[in-house]
Structures are given as structure tokens and as C-alpha cells.
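# Architecture at a glance
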Amino acid sequence: MCQNIPLDGARGVCPQLRCARAEGPALGSGHDTLVHAVTRQTRDSGEYKQMMQTLKNTMMVAVESLINKFEEDQVDRASRREQTDSQYTDNCSDSDSSFNQSYAFIRREQLQALADQLDPSRPKEVRCAALHALSCAPPSDVLNCDSWLELRRNISTALTDPDPDLNDKVLRFFTRTFSSSPLKVTREIYCTLAASLEKDFLRCRPTCPPAPGGLDPAHADVARLLKQVRLMNDFQKEVTSFWIRYPEKYMEEMIDSTLALLVPRPAPDRALQPVHLLALLDVRATWFKKWMHAYYSRTVVLRLLASKFSSVVVAALEQCIYYLDNREEHVQDGAHNLEQQKIDSVRSFRETELSSPGTIPQRSVTDNRVSAGPVHHTLYTGRALQYAHFVHSLCMLGRLLMYANGRRLFPCRVGGHGDPISLSDLMVILIRIMNQHPRAASHSTSHTDPLSPAALVLEVLWMQCDWEECAGDCLYQPAVTRALLRPVLALLEDPQGSQVKLRAAEGTLTNIGKVLARMAATQRGLALLLHDRCLRAADGQCLSAAHVVAQFTQKLLDGDWAGRGLSSFVFVCRQMYNTCEGLQVLRPYNLHQSLAATWRKTSVQSDRMATPVVGSAAFSTPLDMQNTLLWEETLLDNLLNFAATPKGLLLLQQTGAIGECIGYMFSRFTKKLQVSPCEKFGYGVMVTQVAATAPGITALCSSGFVQAIVVDLWSVLECGREDVRVVHPKATPMDPIDRSCLKPFLTLVNLLSSPYATWELLGGRTLANRPEYSLREIPTSIGDLVDRIIAVNSDAKIHSLFNYEQSHTFGLRLLSVMCCSLDSLLLLETQFGLRDVLLQNQRDNVTESPEAPGTFIIDGLSVERNHILVRMSIIGGPSERRLPPRVLHKGDDPYPWPMFSSLPVPKTYILDVSEATPPLQDSELSSFLATPPDHGWMPACRRLFCKVMTSDPDSMAGTVLCDLLEKVVHHLSSTPSECFFPPVEYREEEEVEVENRGLTPVEQLGLRVSLRYGQFLKLLREDSEADFCSLIRHSEEFLSRQRSAVPSDLHCLQCVPPGFDWLVSTVFMLMGGDFRRSLSFLLCLSRLLVSAFLWPMRLHASVHLPAALAHSGVPPVYSCSAHYVELLLKVEVPLVCSAFRMSGFTPSQVCVQWLGQCFWNYLDWSEISHYVATCIVLGPDYQVYTCIAVLKHLQPDILQHTHTQDLQVFLKEEPIAGFRVSSYLRLMADLERRYRNVVLPDMNSILHGTA
């Protein structure tokens, strides 16, 4: 088109430009002036004007041609669409796709003409044609034209027109606008639609039937309104995805128009309102849920509800109250169950409209009922509409209650009620609705229907339980608890308690149990159930919810009644007794015995069930057999959860069902199943808890759990993934333990942390040490694992490993953790001689070159062995020994620590201990000890002890400490009220044959280790060994006389007590190696309660304990002291408690190790002596408070190592640096003031078998 434009004039300026370019930089600043002058001359020339006119004329011709072509295409497309519509009628408002739309350019004059043509006075055909043309115009042009207000008014009028074609064309225009226009346009269209609906309902058209008379979707006006509401609802659910990108005022206008539409209007009683239609189309208020999800829109919704539209909330609340009152009338009149009919009606409409939105269901011609065949319900009664409104209102209220500003809308005043409805009142209303839901037959599944009243209320209550702040404001209130448990109290106080009544209330009991279980899963809800005594029994006694639930559960269990209601209440009890504080409250009810008895009966019943035979009515049906087996597994599962706490594990062991429970746990563990729906973690913590005791680890081994762990470890460590094709070789691990092996390593650490586990799994066994090992041979036990990857003492073992260095490093790391327990160390050393194996490996790992013969080769294995040898050979606290690191340094000397291949250990690893200054003989404490004891001597002694410990703790050592302990013990043992155990006659002079008693290998090694430590501390002489041997013999003889013969499969109960008596060693060192003084001290100490916990050997299989406790293999220091450590830790140091749970480790396990060896290797000697003195002088409960203080002291390190996933290894291997008993004595005193009345009475109850 441009080739005919004359360009001669344009070429005429080129010489000037060339001239300007030739001058180059000489033009300077005048260059721009010249360019402007040339440009102006060109634009003013006649040639340029002629060129522009020619270009304009050519473009006008081209545009006119394009418009004509477009109009012809539009006419052809419209004719084809009319032909298609005549064959397939589609009345859906959103049936057109937004991807097949085309818009024409339209002038303002045309829009004005369209506005005139849409006038209601024009013929229908003209208005339809105008709407069709309007649909082809860009919505933004329509909205921005001068005639928009008139267009909007005429479009709104067309929406209310009775003609369906006109309505459909308006809705098509709205649908296209919603699908392809910016929010500014869609906001106008949405507000227009909402305003039109609002005006339609305000007019109360007589052709629109009222709600009580029923709603017929086939009615023309109803169908028109339903289509409009549906279009609006569809947009409500989609607009949240993009309105955050636009100004808040647009969103606020849309929310305002929506809430204005939902405001109830003055009309006849229960007349049809817009919310009824919205509820039918979106019965669960999904649109409101989406609007409340994001903070951006939720803020506006809540602000408008509080300022302008509070009547919307009141209307929703009134609907819930109306349903409750209506439901009560039905129940009183003996009406049939109408809920299912209402639900079917609501679901039928939704299926009809949503599955085929373009088809209006045809009305049945007979009696307003649905005809046979696929035709759905089309007449919805007033009750069905009101029920849909109730569901919609309930969902809206439930969503409002989740947020603080939503809860601030309450209390609100409701007509017909004198007092405003508070949050607690609303909860009571909802609970009454849930409890009054009609019972279902045993074969019915209506209780699981998501639209049933009970399911809807349960969903609301569960959401509140998940939001702690919401639950605190709404659910955790005394009035709510009373309303929730009112049916339970009624059944509990019923003297007959007939099975008929229980069956009738089964659905109600199941729902109540589900709510209580969710409440018990949160800390605040659990505290409310356990301690809030807001319920009053028939005898006037105030009870907490936990007591009511426990009594009711026990009544059901004793009555041999099995059902969903009982199962849910047993689960509630389980949620409580699997915590320390919950078990403390429920222990008097002996639920473990009731559950075990019921399980045995059910197990016998399931064993007697014969295989069902067709045609035989005498045998049980498969459903009955399945229910019985399911009930049996449920009982086992609930029994198993007693093992979540130390005291609960003792109770589980006493039921005799621990083996079956662990077997059931192993079956679920292999399937990677959760402990329960309310638990976030698996069985890791429970496995660790069980492995801390002898019966627990035995049950784990019998179930196959230990074998499965070993096999899984070997497959990761040695075999690799054989089912995956190796494309890239596996990367060489940079860490000592590869990440793929970390989880099995931590699992083994959890299993073997307790010395009881080591003794049960390895005691009395020998290593294979075969001359040849097959490469395909897989270890199946801990002994096999020790033989293959720890005690690697032959070439055959080395050659049997594919990854020798990695596997042996894994074994050495595991050995290092196991040796942290002194009792485990003594067993491994006396039974397997592992230290000699390691020394020989070090001797073999030297150079043979003539330049440096005998020089140790420094590699990962030699460094690891050097660390373990030092750990095994030297006893001491953080400032008494030095453990070599496991890492190499940069530089010429990467490992400056001396290696050794024979004993003794180099002195580099032994720190110098400065000799303590002896306290002054005329000190206040020495003067006090010189006075004879009287009635008030012990309280004064405790006060003075605390004073000296806080002011000058270093003076509490040596002779003064020895005299204090001796005098306190003698005074308490001579006071009858302080003596806990009966006296035992024992005179050292008469026991000559005791000297001939030999020491076991474990005792001999323990004696040598203790002697080296005492001589290092300068507390024992070189000739103290004989006296030490005599003390061990006499103490063992004294204790053996108070032991009973226990027929048990446990290794720790079959022979002499496992391990070494570390308290005897501690006392011998405290007494300066004086044999007679030490023995006299121990004999007096044995009569006191503190000996039961401070001296673990004191009550091993003791005759003083009840037979069930003595034969259990669970020591009181675990079932009592460690139990209260976990109880107090959750309250006092919650972050540490959570860290333990996340790590799969338990505080009880590490505390049992600390206490069992008197903190040897973890604290310095001064702090060990202060710990012993504190427990003896201030009371045995200070043992618990000391553990809490230590864990609080370690809190920063615990949190850090939880993050690095090595908390177990840290707590086992690292000493407790920087801890001083005196620094935490005030904390312990505060714990005593708050918890002694709970801890000490339970310690006193060990003789009754309840500890």
C-alpha cells in the first residue's frame, strides 16, 4: 500500500543529513538543533502531508473491509447456533466455554441503541436481539459507556422477566463476563445480580411458593431464581483465587452485596428466603469457607458482619435453635426419623442440578412423589428446606467460631430468648442436637453420613479442638462439659443399666466419645477432663470428666457389653492413661485389669468360633466373627497404650498380656501405621519405653521386632538396594554413619540404652567366632551383630563384609553408646573381652616400614577405637577425664592425641584433680553435728544443709559430709516413724563364711574400676582392695537374705542381680575406704525409704515387695522415679519433653541410667556426693527433682541435638558439663513445695504394689 507514496521530497533532505554527519564532532551542541530543524522541515513539506493522507485513506479501506467480513462471520455463526440450539436445548447459565468467545468492536452509539432496545416496553424479539448483540461486545466497553446505568437497569429488569429465553440470554452475558473480565467488570455484574435477587425477594411475588408449602424446581419462577443463585454461588467459590490482586473496595462491595442478600426479610413465618436457595445449591457453605480462609477477605467479612449485618449471624443461630426445638417436638410426638428423608431430598436436588445443570427435572404427576425409575425428587417440603438451611447455618457458624473476631460476635440476642446466646450456650445447643439424633439400627450406616446432624456437629466440635484458642473460648467450659456428659451420667446413675438402654444410646455414646477423645488429645483439653470437677454425681460428689468416663467405661467392661459406644469410651480413657498425669488420675479404677479380663474373654470366644457353614444357623456369621476379631484387636491396642509411660508399662506387665500386646504392636509397626488417629507419631517412643525394662525387651525379642531391626540394618549397611538398577554408583559416605543407616542406628541405640536390655539380649551368650562366614549369611540377633561388626578379630570376619570400614565404624559407634552404661560395659568386657579385641586391632594397625616401625596408622577406625578404649578404661566426670575427639585437625599433626595398644591408658587422658581444702572444724555445720539429736534436730539439719549448700557448697565435702550422712542415717533409722523397712538382724562378726564367698567376674571388674577411680580421686589407699571386697561380699549377703526365689524366664531374675552395686562403691569412697563404717552406714540406710530408690540393688526381687512387683522385673526407680520425671518434665520443661518425643527417645530411659550408676561418668565426684547427700537429707523425692534440674540445665543442648537428630547419642555419651547441685537447690525446693504431696506418697506405696 505504501509503494505509490511519493518520497522525492523525503530524499531531498538527505544531503543535509550527510552534511551534518560529515561535520562530525565539530557540530558539538548544535547537532540536536540541526536534527530538529530538518525534522520540522520534513513534516511541514507538502509531500509528507500527501503521504499521510494516502496512508490514512488506505487504512480506512482495510478496516472497513475487516469489519464487513467480521459481521458476515457473526451472522453465519448465529444461524448455525440457532440450528444447533433447536436440536439440543441447553438452559445452563454457564454452559458456554470461555475459550470459544469472540467480541466485536462496538461504538458508543451502538451501546446507546442497545440500551434503548432493552427497554421493558420493547417487544421480546427486539430485547433478545439486543442481549445477543450485547454478549458479543467487550464487557469493559459496556461497563465504561455513558449508557451503562440505563443498561444495568434494563438488564436487571430482564432478569426478573418471566420469559425464560430472556433470562437465559442475560445469564449467558453474565457468565461470559465472569469468565473473561477483570474484577472491576465482574464486580459490577455480580452486584447487579445480587441486587436483582434482593429486589425479587423483597417484592414477595405471589408466583413464588412459600417454604412450608414446598419448593418445586420445575416451577418457572423457582427455576429462574435457582439459576441466578447458582451462577452467583459458582462465582463466589471462584473469585477468591484472584480478588487479592485488586483493590479492597472491589472485594468489599461484593461481600457487602452478598451479605445484604442473606439478611432475613420481613415475611410470613418461615417464608422462602434467598438463603434457602443458596443452601440447596451449596449446603455446606463452601463459598463462606473459602471467603473465611484467607486473611485478606476474612477481615472484611467479619468487619461487615459486626457493623452492618449482624442479623445474618442471628438468623443462622435462630435456625439452629429452631431445628433443635423442632427436633424435640418430633421426639416427644414419637415421629419417625425424618433426617434421612431430608438428606436424600437435599442430595437429590444437588445431584440433579450439578450433574446435568442444563436440564430441569420433570415433576411427578402423582401425589407429588418421585416416580419410579431414574427421576429424582422434585418437590422439596418445608422441612427439607429448613434442614438444608440448618446445615448451611451450622457450617457458617462453625467457620465463624474458628477465628477470634468471629467469636467476638457473641453473645448475640435472639428473639424469644431473654438472655443473649453466648459461646457456651451455642456449644450446648449443638451438643443437644448431636445427642438427640435418633438412634440407628445395628445395620444402618447413617451415623457416618456427612450430612447427618451428628456428623455435622462432630465436624464443628473437632475443628474447635484443633484450634487451641478456639477450643478454650468455646469448648473447654464447665457448662459444655456438663451438657456433653449428661447422657453418660444418666446411664451411670441408672441402677438397672439395661442392655436395651445402652443399645438405644449407642450412637449418642459413640459421638460423645469421639468429642472427648479429640479434647483429650490436646494439653488444655486433657487438663480440663482430668482436673475440672464440674460434674455432680447422684450422691452430691463433684467429679471431673475423667472420673465419670472411667467409671462408665469400667461399668461397661464389667458388664460384658461390646459396641461402638464402649470402644469410643475406652479410646477416651486410653488418650488419658497414655500420659503420666492421666494415669495418675485413672489408676484407682484398675482399667488395665478390666481391659485384660475382657480381652481374655473375647479371645476365648473368638477361638471357639467355628467356620460358618452355609445353611447352618447354629454357627456365627462372618460378620459376627469379624466384629469379634476387631473387638479383640481393639482391646489389645488399648492395653498396649499403657506402655506409653513407665508406670503404665508396669501395669501392663502385671496383666500378663505384654507379649500379645507387643506382638500386635509389631504387626502394626511393620505396616508403618500410626498409633491412633489422634497421634502424630508412630510407635518409636513406645518401643523405646518398652525396651527400657527386662520384660519389655524380652517381649520385643519374642515378637520378632529385634530380628526385623537387625535384618533391616544389615540390608541397608551391607546389601544395598538390589531391586534398583545401578546406573550411578553409590556415593562414598562422608559421615562416620551414612544417612541411610542413621535411623537403624538410632533404633538400636534406643533398644540397647538400658542395661536390662543388654543383659536380656546378650547375657550368658558367647560369640560365634567361626573360621568362615558366608557372604549371604545375615545376622538375626544382637549377638550376631556384635560378632560380625563389633568384635572383628579375624580375617574371616573382615572378608565377610562388603563395606568393611563403614560397617565396622557403625559397630564401633554402637559399642561406644552401649559402653556409656557401666553395667553394660562390665557385661561386654567380662563376657566378650571387647577391650582386648580393640587393643589387638590397634596393635595390628601399625606401620612396618623401617623408617618408622610400630607407628600407628591414623584412619577412621583407629581413631574410633582409641576413643572407645579411653572411654572404657577411665572413669570420671567432665573435669576428671579427657576423651579424645573423633575428628582430625588440619596441619602437620592431624591427630595430636596419643594412641595406645596396651594398658595403662596414657596420662594425657587423665586430668589432674586438685585436692579439696578440708573444711574448718569449727564451722557452723561441724558445731551442729556435735550436738546430740533431739525432736527438732532433723528439720534444723535440713535447713542448715540447704544454707551451706547454697552459700559454700565446696565445704560440703570430706569428713564433714561423711559425718553428716552418717549421723542423719543413724538418727532416721533409730526413729520408728522414719523407718520404712522392717529391721533385719545382721552382724558382721557372725558372718565368717561370707569372707569365703567369691566374687562374680562382673563384681571383680566393677571393683577394679571403682578402686582406680577412688585412688585417682585420692579417696582410697593402695591397700583398700581387701576392705572393698569384704564390703561387697557383706552387702550382697545382707541383701540376698531379703530376696525371694523368682521362677521367671527373665535373665535378670534367674541368677544373681545383673550389674554392679555402684551405691556401695560410692558409700565406700565417701567413708574414705573404712569398711566397718561403710557397712554400718549401709545397714542403717537399708531401713529408710530412700534406699529403695537411691540403692537399686536394695529391692531386687525383694521379699518386702508384693510378689507381682518383685517378679515383674521392673525396678521401682523406673516405675516410680522415672515416671514422675516424665510427669514433671512435661509441666516444668515442656520444650525438652517435646524434644524427647520428636527424637523417639524417653526421659525415663536416660534417667534410669543416670540414677542406676549414681551419675558416675556424668558428674564430677563432688556433685555425685552432693546428689547422694541431698536425697538422704532432704528426702527420696529429691531424686526426681535432681533429674528435672539436670534436664533443665541441658535444655539448650537438647534442643540443638534434637535438630541434628542425635539426641540419644548426646545424652548417652556426653558428660553433664557445668551442672552443680547447689546451683539448682532452690529450683528443687520449689518443686518439692509443689509436687511432694504427689511424688512422696507414691514412693511410700511401693510395698503395696502400686508404684
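Below is a summary of the structure that appears in this document. Throughout this description, residue numbers start from 1 for each chain and increase along the sequence as written. Restriction of local features to residues with pLDDT of at least 70 applies here, the model being predicted, together with a cutoff of 80 or more for giving and counting side-chain atom pairs; totals for whole chains, interfaces and linings are based on all residues. Where side-chain values are given, they derive from all heavy atoms of the structure, hydrogens and water being excluded.

### Quick word on the overall build of the protein chain
Secondary structure elements follow DSSP: runs of H or I no shorter than four residues count as helices, runs of E no shorter than two count as strands, and numbering proceeds from the N terminus. Scanning the protein chain from terminus to terminus reveals 62 helices and 2 strands. Considering only contacts in the protein chain between residues 6 or more positions apart, those separated by 24 or more positions represent 76%. As presented, the protein chain carries roughly 56,000 Å² of accessible surface, and 54% of it is formed by carbon and sulfur atoms. Whether two residues are in contact is decided by their heavy atoms, any of which lying within 4.5 Å being enough. Computed by Shrake-Rupley with a 1.4 Å probe, the accessible areas treat only the displayed protein chains as cover when residues are assessed.

### Details of the pattern of salt bridges
We define a salt bridge as a contact between a side-chain nitrogen of Lys or Arg and a carboxyl oxygen of Asp or Glu at a distance within 4 Å. In total, this model carries 37 salt bridges according to the counting rule given. R835 is the salt-bridge partner of E829, the closest N and O atoms lying 3.9 Å from each other. Working definition: with a 1.4 Å probe on protein chains only, accessible area under 20% of the residue-type maximum means buried, over 50% means exposed, and in between means partly exposed. We classify R835 as buried; its relative accessible area is 11%. Here E966 ties to R1077 by a salt bridge, and the two come within 2.7 Å at their closest N and O atoms. With E966 in helix α47 (residues 958-973) and R1077 in helix α52 (residues 1075-1085), the pair connects residues that are 111 residues apart, well separated along the chain. Bridged by salt links that share partners, the residues R813, E864, R886 and E1213 form one connected network.

### A short note on the packing of aromatic side chains
Note on aromatic contacts: the rings of Phe and Tyr and the six-membered ring of Trp form a pair at centre separations within 6.5 Å, being stacked when their planes are under 30 degrees apart, edge-to-face when over 60 apart, and tilted otherwise. In this structure the tally under the stated criterion is 30 aromatic pairs. Seen from their ring centres, F745 and F810 are 5.4 Å apart, and the 80 degrees between their planes marks the pair as edge-to-face. Note that F745 is positioned in helix α37 (residues 739-752) and F810 in helix α41 (residues 804-818), a separation of 65 residues in sequence. By relative accessible area, which is 4% here, F745 ends up buried. Among the aromatic residues, ring-to-ring pairing joins Y1013, F1060, W1062, W1160 and W1165 into one connected group.

### Points about the side chain of S1121
Looking at the element boundaries, S1121 is found in helix α55 (residues 1116-1132). We classify S1121 as buried; its relative accessible area is 0%. Setting aside its immediate chain neighbours within four residues, S1121 contacts F1093, P1116, L1155, Q1183, V1184 and M1243.

### Section: helix α59 (residues 1182-1193)
For α59, spanning 12 residues, the distance from its first C-alpha to its last is 16 Å, which sits close to the expected 16 Å at 1.5 Å a residue. Of all 12 residues in α59, 11 are buried; the element is thus mostly enclosed. Those residues of α59 not exposed but buried are Y1182, Q1183, V1184, Y1185, T1186, C1187, I1188, A1189, V1190, L1191 and H1193. A helix is expected to span 1.5 Å multiplied by its residue count minus one.

### Some thoughts on the packing of helix α56 (residues 1134-1143) against helix α60 (residues 1195-1203)
At a minimum axis distance of 10 Å, the contact between α56 and α60 shows a crossing angle of 30 degrees. By the criterion of interaxial angle, the relationship of α56 to α60 is roughly parallel. α60 is crossed by α56, and the crossing has left-handed handedness. Together, L1135, V1136, A1139, F1140 and S1143 of α56 and Q1195, I1198, L1199 and T1202 of α60 make up the contact between the two elements. Only the stretch in contact is used when fitting a helix axis, every axis being a line fitted to C-alpha atoms; angles between N-to-C directions are given from 0 to 180 degrees. Any angle from 65 to 115 degrees is called roughly perpendicular, while one under 35 is roughly parallel, one over 145 is roughly antiparallel, and all others are oblique. Note on convention: near helix rotated counterclockwise from far helix by under a right angle means a left-handed crossing. Clockwise means right-handed.

### Description of helix α18 (residues 382-400)
The end-to-end C-alpha separation of α18 is 27 Å, in line with the 27 Å expected for 19 residues at 1.5 Å each. Counting buried positions over the 19 residues of α18 gives 18, a clear majority of the element.

### Overview of a nonpolar patch on the surface
Note that patches include only residues with greater than 30% relative accessible area and no salt bridge, and the join distances are 9 Å for like charges and 5 Å for nonpolar side chains (Val, Leu, Ile, Met, Phe, Trp, Tyr). Judged by side-chain polarity, M52, L55 and M59 come together as a nonpolar surface patch covering roughly 240 Å² of accessible area. Among the secondary structure elements, L55 is positioned in helix α4 (residues 46-87). Judged by relative accessible area, L55 falls into the partly exposed class, the value being 31%.

### Quick word on unusual backbone geometry
P411 follows F410 through a cis peptide bond whose omega is 0 degrees. Structurally, P411 is set in the loop between α19 (404-407) and α20 (423-435). The peptide bond linking L903 to P904 adopts the cis configuration, its omega dihedral lying at 5 degrees. The topology assignment puts P904 in the loop between α44 (860-873) and α45 (924-929). Even without a glycine there, the phi angle at N769 is positive, about 50 degrees. Its location among the elements puts N769 in the loop between α38 (755-762) and α39 (782-790). With a phi angle near 50 degrees, A1101 is a residue other than glycine that sits in the positive phi range. As for its placement among the helices and strands, A1101 is situated in the loop between α53 (1091-1094) and α54 (1107-1110).

### What about the environment of A194?
Its location among the elements puts A194 in helix α10 (residues 183-202). Residue class for A194 comes out buried when judged on its relative accessible area of 1%. A C-alpha to C-alpha distance of 6.5 Å links A194 and T258, two positions 64 residues apart in sequence.

### Considerations on the environment of S156
Along the chain, the position of S156 falls in helix α8 (residues 148-159). On the accessibility criterion, S156 (16% relative accessible area) is buried. Between the alpha carbons of S156 and S196 there is a distance of 5.7 Å; along the sequence they are 40 residues apart. Non-local contacts of S156, meaning those with residues more than four positions away in its chain, are made with T192 and S196.

### Side note on a negative patch on the surface
Residues scored as charged are limited to Lys and Arg (positive) and Asp and Glu (negative), so that His and the chain ends carry no count. To locate a charge, take atom NZ for lysine, CZ for arginine, CG for aspartate or CD for glutamate. Together, E64, E71, E72, D73 and D76 make up a negatively charged patch on the protein surface. Inspection of the secondary structure assignment puts E71 in helix α4. Accessibility expressed as a relative area gives 44% for E71, which makes it partly exposed.

### Section: the packing of α38 against helix α42 (residues 822-832)
The axes of two packed helices give the description: the angle between them and the distance between them. Contact pair α38 / α42: the axes reach a minimum separation of 8 Å and the direction vectors enclose 25 degrees. Overall, the two elements α38 and α42 adopt an arrangement that is roughly parallel. Considering only the axes of α38 and α42, their crossing is left-handed. On the side of α38, the interface is formed by P755, T758, W759 and L762, while α42 contributes D823, S824, L827, L828, Q831 and F832. When residue character is reported, Ala, Val, Leu, Ile, Met, Phe, Trp, Tyr, Cys and Pro are called nonpolar, Asp, Glu, Lys and Arg charged, and the others, Gly included, polar. Its residues assigned to classes, the contact of α38 with α42 comprises 6 nonpolar, 3 polar and 1 charged.

### A look at the environment of R886
Structurally, R886 can be placed in the loop between α44 and α45. A residue is classified by how much of its surface remains accessible, and R886, at 23% relative accessible area, is partly exposed. A C-alpha to C-alpha distance of 9.5 Å links R886 and R865, two positions 21 residues apart in sequence. Ignoring any residue separated from it by four or fewer positions in sequence, one finds R886 in contact with R813, S816, V863, E864, H867 and E1213. Two N or O atoms count as a polar contact when they lie within 3.5 Å, although within protein this holds only if one can serve as hydrogen donor and the other as acceptor, and sequence-adjacent residues are included solely when both atoms are side-chain atoms. A polar contact of 3.4 Å, which involves the side chain of R886, links it to the side chain of H867. Polar side-chain contacts of R886 include one of 3.2 Å to the side chain of E1213.

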